[in-house]
Amino acid sequence: MKTQIQQLLQQTLDVLITKKILPEEGVYRIQVDRTKDKAHGDLSTNLAMMTCKAAKKPPRELAQLIIDNMPASELVIKAEIAGPGFINIFLNSNILAQQIEAALLDERLGIAKVQQVQTIVVDMSSPNLAKEMHVGHLRSSVIGDAVTRSLEFLGHKMIRQNHVGDWGTQFGMLLAYMEELRAQGKSGSSNLADLEVFYRAAKGRFDESEEFATRARNLVVELQSGNPQCLELWQEFKDISIAHCQEIYDRLGVALTTADVKGESAYNDDLKQVVDDLEACGILEQSQDAKCVFLDEFKTKTGEPLPVIIQKKDGGFLYATTDLAAMRYRQNVLKADRVLYFVDARQALHFQQVFMVAKKAKFVSQQISLEHMPFGTVMGDDGKPFKTRSGNVAKLADLLTEAQQRALALVQQKSPEKDPQEMRQIADLVGIASVKYADLSKNRTSNYVFSFDQMLKFEGNTATYMLYAYARIVSIFNKAGLDMAKLEGSVVLEHEKELELAGKLMQFDEAVNAVARLGNPHLLCSYLFELAGIFSSFYEACPLIKAESETQKQSRFKLAALTAKTLQQGLDLLGIKTLERM
Ligand code: ARG
């Protein structure tokens, strides 16, 4: 309701501007607050006081003009001037009650699908296959997943692209090592059970033996020129590595499949063409033996030109070259209107550069929206990028296991009477949800500290708290012997807390749309957290089972039902499953 009133006030300002009561060039911030005392209406705004200077009128006089020019709305019963120039607004709670009823009957909870469906490509997860997924890939995977789910829910056509790093010089080293092990009669899959160990061993061989290093370099050349044996070895490595990733996605509940993998190697055949096309449009320059694009917009700190390197002197292509090819594919073949890149903030310059090169070279149209959705670093409590106790990069798989173990210890401690199998199920879900929610609830662009203790807390904006809030409503229904789908009567909003809860429920739409627009799932987390908090105070103030009348009881249970459904739907958009019992 608050936003609807804000919109109404915006329309009023537009009217005042057309009538030249307010100057056009002003920037007017519309603040609407809830009143403390219902006798003063439901909402209040200081708009007249904030704009009276611009209007050159006394605040109370301007307040009256605002009220007189407010477009008629079924939401507002009346508006009154108060004190030095506040405007108090009395809402029509019947309308709000009707909106609640309608949302409850709608499986989309009243959220409309967009009218203009866009095709949106999401570049997400995208680990380098030479190594095991680490904590940095958590962010790209879970944030990308939540934003994709939200956009999909609103009706857009979503295409997920896992732009894995499956090409490049390090593969020579890995293939040389695979070959060596094969010659010793050891099978690929058992050797690659732990990619981290495998990588380190290969690197060890590379550093210790000149002969091995030469073989590795030759293998890269062979691979790039399409030697079938080499490709077969590479394919085996890739399959195993992707299977590792898929295991993680399944555990995390991230909606990526092997069909979404479109790695760097997929663009290989187009790279020469990229170079030729850049050459043809005259923006490629030879510089210190490499072929580069120089953009006026990018300079080094000392003002030197900053190149985007496209091809090295040995003929090798770069990360940027592949991204240029991928952009063309995404526009021309996938028909993207928007492309969202969920990639570490430290790659911001890379994306600014390649987006600009792509537009300058007319690889993509001016209309396509290329958006880097940067995210901050996951930190340890020492304030440095998160590492394991032994100082290694933290493997994502191990972190998930630890979260689940810690969750199990908590469940055992809280409810020792539970059946061990149920404990496990709860702990597995809570462990994963906690890791995901801790990540999603932080502003995407900030760094955050990875802390099991924080993420598994029962209080505060955590997964445990949210899951509990949902399970509690389910248990209230069970206790009352009521079915969410079979409530009768109509919603009546009388108590202040009922109105507050109803108003918050109607803001779900806005929260989902904000995530879709800005790619910032923490906005949805904050919304759900506030909703759960408001539900708690409603529940304390307004008896449900012991309501004064049957009408009131049904009405309050309807509010509870919509709260549960909203929490569940909201968590689902974040990629988090709920529990009926905890
Ligand atoms: N593989 C890269 C990395 O791990 C991320 C790729 C991001 N996507 C892209 N189109 N460049 O840093």
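All values reported here derive from a predicted model rather than from experimental measurement. (Residues numbered from 1 in each chain as written. Predicted model: local features only at pLDDT ≥ 70, side-chain atom pairs only at ≥ 80, totals over all residues. Heavy atoms only, no water.)

Draft legend 1. The arrangement of the overall build of the protein in detail. Looking only at helices and strands, the protein features 21 helices and 13 strands. The principal-axis extent of the C-alpha atoms belonging to the protein is close to 85 × 70 × 40 Å. Within the span of the protein, comprising 582 residues, buried residues form 52% of the whole. A separation threshold of at least 6 residues defines the contact pool for the protein, and within that pool the share at least 24 residues apart is 73%. Within the structure as shown, the protein displays about 27,300 Å² of accessible surface, and the carbon and sulfur contribution to it stands at 50%. Within the protein, the 74 negative side-chain charges are centred at a point lying 3 Å from the centre of the 68 positive side-chain charges. (Helix = DSSP H or I, 4+ residues; strand = E, 2+ residues; numbered from the N terminus. Buried < 20%, exposed > 50% of the residue type's maximum accessible area, 1.4 Å probe, protein only. Contact = heavy atoms within 4.5 Å. Areas by Shrake-Rupley, 256 points an atom, 1.4 Å probe, with all protein chains shown as cover. Lys, Arg positive; Asp, Glu negative; His and termini not counted. Charge placed at Lys NZ, Arg CZ, Asp CG, Glu CD.)

Draft legend 2. Summary view of the nonpolar core. Counting 157 residues, the largest nonpolar core has I5, L174, F450, L524 and L574 as the members making the most contacts within it. Beyond its immediate chain neighbours, meaning those up to four positions away, L174 contacts A130, F198, Y199, A202 and F237. The next biggest cluster of nonpolar side chains, apart from the first, holds 34 residues, and it includes L278, V339, Y341 and F363. (Core = buried A, V, L, I, M, F, W, Y, C linked by side-chain atoms within 4.5 Å.)

Draft legend 3. Main features of the sheet that holds strand β7 (residues 284-287). Ordered by their spatial adjacency, 3 strands build an open sheet running β7-β8-β9, and the pairing between neighbours is antiparallel. Only two strands of the sheet have a single neighbouring strand rather than two, namely β7 and β9 (305-311). Averaged over all pairs of adjacent strands, the angle between strand axes in this sheet comes to 50°, irrespective of strand direction. As paired elements, strand β8 (residues 290-299) and β9 share 5 bridges and run antiparallel to each other. Looking at β9, one finds that F294 is bridged to P307. (Pairing = 2+ DSSP bridges. Axes fitted to C-alpha atoms, helices over the stretch in contact; angles between N-to-C directions.)

Draft legend 4. Layout of the pairing of strand β11 (residues 369-372). Where strand β10 (residues 338-341) meets β11, 4 bridges bridge the pair, whose relative direction is parallel. Paired with L340 across the bridge in β11 is E371. For the handedness criterion, the β-α-β arrangement of β10, helix α13 (residues 348-360) and β11 is classed as right-handed. (Right-handed = clockwise from strand over helix to strand, strands pointing away.)

Draft legend 5. Examining unusual backbone geometry more closely. Of note, the phi angle at S125 is positive, near 70°, even though the residue is not glycine. Structurally, S125 is set in the loop between β5 (119-123) and α5 (135-153). The backbone of K335 shows a phi angle near 60°, a positive value even though the residue is not glycine. Along the chain, the position of K335 falls in the loop between α12 (319-332) and β10. Overall, K335 belongs to the exposed group, its relative accessible area being 54%.

Draft legend 6. Layout of the layout of surface pockets. The computed volume of the second largest pocket comes to approximately 600 Å³. As for the second largest pocket, its lining consists of 23 residues, of which F386, K387, T388, R389 and L399 are closest to the centre. Residue assignment for the lining of the second largest pocket shows that the elements contributing at least two residues are α8 (195-208), α14 (396-414) and α16 (452-455). Among the elements that line the lining of the second largest pocket, the one with the most residues is α14, at 4 residues. Residue classes in the lining of the second largest pocket are distributed as 7 nonpolar, 5 polar and 11 charged. (1 Å grid on protein atoms, 1.4 Å probe; cavity = no way out; pocket = protein on both sides within 12 Å on 5 of 7 lines; lining within 4 Å. Points joined across faces, edges and corners; volume = space filled by probe spheres on them. Nonpolar A, V, L, I, M, F, W, Y, C, P; charged D, E, K, R; others polar.)

Draft legend 7. Summary view of the sheet that holds strand β2 (residues 43-45). On the basis of which strands lie adjacent, the open sheet formed by 4 strands has the order β1-β2-β4-β3 and antiparallel pairing. Each of the sheet's edge strands pairs with one partner strand only, and the pair in question is β1 (32-34) and β3 (76-82). Averaged over all pairs of adjacent strands, the angle between their axes in this sheet comes to 25°, without regard to strand direction. The pairing of β1 with β2 spans 3 bridges and is classified as antiparallel. Following the sheet pairing, V32 is matched in β2 by T45.

Draft legend 8. The arrangement of helix α21 (residues 550-573) in detail. An ideal rise of 1.5 Å per residue puts 34 Å on 24 residues; α21 measures up with 34 Å between its terminal C-alpha atoms. Most of α21 is tucked away: 19 of the 24 residues are buried. One or two residues past the end of α21 sits G575, with phi positive at roughly 80°. (Expected span 1.5 Å × (residues − 1).)

Draft legend 9. The pattern of salt bridges, seen in detail. Tallied over the entire structure, the rule returns 31 salt bridges. With a shortest N-O distance of 3.1 Å, E211 and R215 are connected by a salt bridge. You can see E211 and its partner R215 sitting in helix α9 (residues 210-224), 4 residues apart, about one turn around the helix. Residue R215 is classed as partly exposed on the basis of its relative accessible area of 24%. The shortest N-O distance in the salt bridge between R338 and E371 comes to 2.7 Å. Residue R338 is located in strand β10, and its partner E371 is located in strand β11; the two are separated by 33 residues in the primary sequence. (Salt bridge = Lys/Arg side-chain N within 4 Å of Asp/Glu carboxyl O.)

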